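Descriptive analysis of the structure
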Amino acid sequence: MTILVGYLPTPEGEAAVDAGLREGALRRERVIIVNSPRRGAVVDEHKIDDAASAALLERARAAGVDAEVRQPLHDDDLFQTFEDLVEETGAGLIVIGLRHRSLVGKFILGSEAQRILMEARVPVLSVKAAR
Amino acid sequence: MSMSDPARSPDPLGDVIDADRLQAELEEGRPPHAGPISQITAALVALAVGVFGAIGSYALGLGRLTQPGPGLWPFAISVVIIVLSAVLVVTGRGLEDAERFSKASLLTTVGVVTLVLLAALLPVIGFEIPSLLLVFVWLRWLGKESWRSSIVISVATVAAFYVLFVVLLQIPLPRLI
Amino acid sequence: MDISPILNGFSVVLEPANLLYCLAGVIIGMLIGVLPGLGPGATIAILLPITYGIGPVPAIIMLAGIFYGAQYGGTITSVLLRLPGEASSVVTVFDGFALAKQGRAGTALGIAAIGSFIGGTVSIIGLTLLAPVVAGFALDFGPPEYAALGILGVLLISSVGNGNKLKAIIAACVGLLIATVGRDTFTGAERFTFDSLNLAEGIDFIPIAMGLFGLSEILYNLEERHNQVHAPAKVGNVWPSRKDLGQAKGAIGRGSVIGFVLGVLPGGGATLSSLAAYALEKRRAKQPERFGRGAIEGVAAPETANNAAATSSFIPLLTLGIPANATMALMFGALLIQGIQPGPQLVTEHPDVFWGVINSMYIGNILLLIMSIPMVGVFVRILRVRPAILAPITVLITLLGAYTVNNQVYDIFLVIVFGVLGYLMKKLGFEPGPLVLAFVLGPMIENSARQALLIFGGDPTGFITRPISGTVFALIVLVAALPLIRKAVRRKTSADRAEEPVEEKTP
């Protein structure tokens, strides 16, 4: 089985990768790091470049985990992207980083993390940014 | 002016690959080529325009070269269009510069419909509501934004336009408020 | 040379309102140069209703700023993202992106900015010296010359443009035909008006321009073109070193000249000059293999050339009243709706417009140089906005703007009709540019031709016997026959080449 790790170049994303790699080592499972930018704009600050991907893979190798980085595009439905990946890879766990959002923030901007937490079919491990 | 393409000058492969690769990348984004039917149809439409113009301008009277009538100039142009379009019908079959109409073209059609509706409704109920609906439709269905974003951005946009056109510039637009 | 009108032009430009419009123009230009999708042509078309109300001098100053500002903007994405923002920035990608990969994006951008500034300035100086001369020479022109020049201009735009030449000429002819709708000035007869009061006045320039250039591009962009999403690019070091500047100065010098010369030719313009300048530098270089791998001249040459060309492409418009490319056709129209007829008499009848515009380019280039290097990061941020959000806003600006020109909903419908036409044309490989250009020149060509016929007493050979118009007509025949000549030459040389053994080229 595989573990999906949602990654953004933020402290929460880093925490997710740490936790995901730890789980991967523990369970001796493959890890797929999912860095999914939003389709449309030319530049998306959430996308990481090849150098950063390579660095992540290096971290995985150091932790003794077999990992890959995938960068599928999503429209308005990051959750769907994860669902499709779960289906395709038979993943058993999703790891995401959570950031505290105010009520207003959640209302106006929505919360994809919340949707994944609520509706994913597989267990979801949520972590916070390292203090 | 004959100037050799820099990508084809005798040079290390690196350069040539870059130019071609760049070209390929830019091409990737575009829809596939339309077939000969589209090319011929386009040429026939142009031909029809030429014929229409020729008939219309002939009816206006060509006059003589010493006293040109109103139809002389448009007639001359129409003839040129007819000739060139005929050539295009014959030679244009194999061209690859047209794009296929795909499902994505439906998006454009929906877009045009919203524009027509805006123009039709504008004098009746003012610009605020049709604008709001247009922006909302473009965001939600054509742009695949979320419900929340679509509503927020469309309201904000119409409000901004109101402030800009009505309050600041005081341009007369048909409006509700 | 009487320099007082030139100095007067500076005083016009330095009026605070005009300075503000210049600043607005270059900022807008840079922004849309960075953004894929809308080009300077579409933006100028969409902003035409604004220019209607503000007077000719600020209007053209702003529109000109948008035009050459977009050349700066297009460079940014070429260097940072390997994505040419404008067609004239394609060549910059090769060495610019290579430099960025080496962590020297700032060097590339810096040299591009400096080269652009110098190229633009050289071109403006050339414009300042050359324009009055050409305008003076053109005062001898009569109706036959204008008819011939107009036809030549239309033909050149169609021939040297991007798409299929045949289709471009057909599009241009359709433009000429559309221009005849309305009342004939000579006889008063109504042509193609179908008893419509609106059409009896003829079709206005603004809705056609907005539709064919502005709306059509928005509609075209609606279809998803699955473009790659890029990670944000780092700019790194900001200024090029003295060594870089020294290395690039030859390229900058040569690029300025190439850009100036090629920009004047109708249809030539920024893209052709950037290609030519790059090719020249590569051929001259002692180590041509550096090109494509981060050669500083590979960025300096095309960037200098494209800005020089963008500036010099104003010359035919300001001196002869003949637009050199589709964007100049928009400027032509913008002047026309202000009641100003572009032509050789522009420099004497409206020196404030003539010199005001030229001098505003000096100021505009300085502003761009100041803004482009430190503010690259700011401009790149706009790339994070999804086009899906910008599209409806742009559309609304376009349609509501169209209404404001005459307070008529009819104009909105016209824009939509021409927008759909332009979209279909783009899909099927017909360039809308030649159509607009021909539409703008149509009345002038027709009236000149008819006046000429009256002068000649109905004898069309008069066109050829007069020296100037005869030369122009010879050029017309040459340009029209060129593709056929070229094909024949190519067939012969490839037949020759097939007989020789193929040589191995050693790097």
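What you are looking at is a predicted structure, and each value in this text was computed from that prediction instead of being measured.

Points about the overall build of chain B
Summing up its helical and strand segments, chain B has 6 helices and 2 strands in all. Listing every helix and strand of chain B by position from the N terminus yields α-α-β-β-α-α-α-α. Counting every position in chain B, which comprises 177 residues, the buried fraction comes to 41%. Put simply, 54% of the contacts in chain B that link residues at least 6 apart link residues at least 24 apart.

Here's the deal with helix α19 (residues 387–406) of chain C
Residues and elements named next belong to chain C. The end-to-end C-alpha distance of α19 is 30 Å, a good match for the 28 Å that 20 residues give at a rise of 1.5 Å each. Counting buried residues along α19, 14 of its 20 residues qualify, which places the element largely inside the surrounding structure. Where α19 terminates, the next one or two residues include asparagine 407, which has phi positive at roughly 55 degrees.

A word on a nonpolar patch on the surface
Residues and elements named next belong to chain B. Residues Leu132, Trp141, Trp147, Ile151 and Val155 make up a contiguous nonpolar surface patch of about 500 Å² in total accessible area. The set of elements that each furnish at least two residues to the nonpolar patch consists of α5 (128–142) and α6 (147–168). The greatest single-element share of the nonpolar patch, amounting to 3 residues, is contributed by α6. The topology assignment puts isoleucine 151 in helix α6.

What about the interface of chain C and chain B?
At the interface, 78 residues of chain C touch 81 residues of chain B. With both sides pooled, the region where chain C packs onto chain B buries about 6,800 Å², and carbon together with sulfur makes up 75% of that total. The closest approach of N and O atoms between glutamate 145 of chain B and arginine 386 of chain C, which form a salt bridge, is 2.9 Å. Connecting chain C to chain B are 3 residue pairs in polar contact (both at pLDDT 80 or more). For the side of chain C that touches chain B, the secondary-structure elements that each account for two or more residues are α5 (90–101), α8 (165–179), β2 (190–191), α10 (205–222), α12 (269–284), α19, α20 (409–427) and α21 (432–456) of chain C. The dominant element in the side of chain C that touches chain B, judged by the number of residues it contributes, is α19 of chain C, at 12 residues.

Observations regarding the pattern of salt bridges
For the coordinates displayed, the defined rule picks out 22 salt bridges over all chains. In this structure, aspartate 244 of chain C and arginine 104 of chain C form a salt bridge, with 3.0 Å as the shortest nitrogen-oxygen distance. Here aspartate 244 of chain C is found in helix α11 (residues 242–264), whereas its partner arginine 104 of chain C is found in the loop between α5 and α6 (105–138), with 140 residues between them in sequence. With its nearest N and O atoms 4.0 Å apart, the salt bridge here joins arginine 191 of chain C to aspartate 184 of chain C. Accessibility assignment for this pair places arginine 191 of chain C and aspartate 184 of chain C in one class, buried. Several salt bridges converge on common partners, so that one network encompasses Arg30, Glu68, Arg70 and Glu88 of chain A.

Points about the environment of alanine 231 of chain C
Mapped onto the elements of the fold, alanine 231 of chain C is located in the loop between α10 and α11. Each C-alpha atom of the pair alanine 231 of chain C and leucine 81 of chain C lies 8.6 Å from the other, and the pair is 150 residues apart in sequence.

Overview of the pairing of strand β1 (residues 2–6) of chain A
Residue and element names in this part refer to chain A. Counting buried residues along β1, 5 of its 5 residues qualify, which places the element largely inside the surrounding structure. Residue alternation in β1 divides its side chains into two sets, Thr2, Leu4 and Gly6 and Ile3 and Val5, and both sets are buried. The pairing of β1 with strand β2 (residues 30–34) spans 5 bridges and is parallel. Residue pairing in the sheet places threonine 2 in a bridge with arginine 30 of β2. As a crossover connection, the stretch from β1 through helix α1 (residues 11–27) into β2 is right-handed.

What counts as what
Residue positions are given per chain, counted from 1 along the sequence in the order it is written. Chain A is the first chain written and ligand 1 is the first ligand written, with later ones labelled in order. Totals for whole chains, interfaces and linings use every residue, but because this is a predicted model, local features are given only for residues with pLDDT of at least 70 and side-chain atom pairs only at 80 or more, for both listing and counting. To get the side-chain values, all heavy atoms of the structure are used, and hydrogens and water are removed first. Helix numbering and strand numbering both begin at the N terminus, where a helix is a DSSP run of H or I of at least 4 residues and a strand a DSSP run of E of at least 2. We call a residue buried when its accessible area falls under 20% of the maximum for its residue type, exposed when it is over 50%, and partly exposed in between, using a 1.4 Å probe and counting protein chains only. Pairs of residues are marked as contacts when any of their non-hydrogen atoms sit within 4.5 Å. The span you would expect from a helix comes to 1.5 Å times its residue count less one. Nonpolar side chains (Val, Leu, Ile, Met, Phe, Trp, Tyr) within 5 Å and like charges within 9 Å form the patches, drawn only from residues with over 30% relative accessible area and no salt bridge. Here the Shrake-Rupley method, with its probe set to 1.4 Å, supplies the accessible areas, and only the displayed protein chains count as covering residues. Only one rule defines a salt bridge in this text: a Lys or Arg side-chain nitrogen within 4 Å of an Asp or Glu carboxyl oxygen. Defined here as a combined quantity, buried area equals the accessible surface (1.4 Å probe) lost by two parts on assembly, summed across both. The definition of a polar contact used here is a pair of N or O atoms within 3.5 Å, where within protein one atom must be able to donate a hydrogen and the other to accept one, and adjacent residues in sequence count solely through side-chain atom pairs. In this description, strands pair whenever DSSP reports at least two bridges between them. Here a crossover is taken to be right-handed if, once the strands point away from the viewer, the path from the first strand over the helix to the second is traced clockwise.

Geometry only, nothing functional implied.
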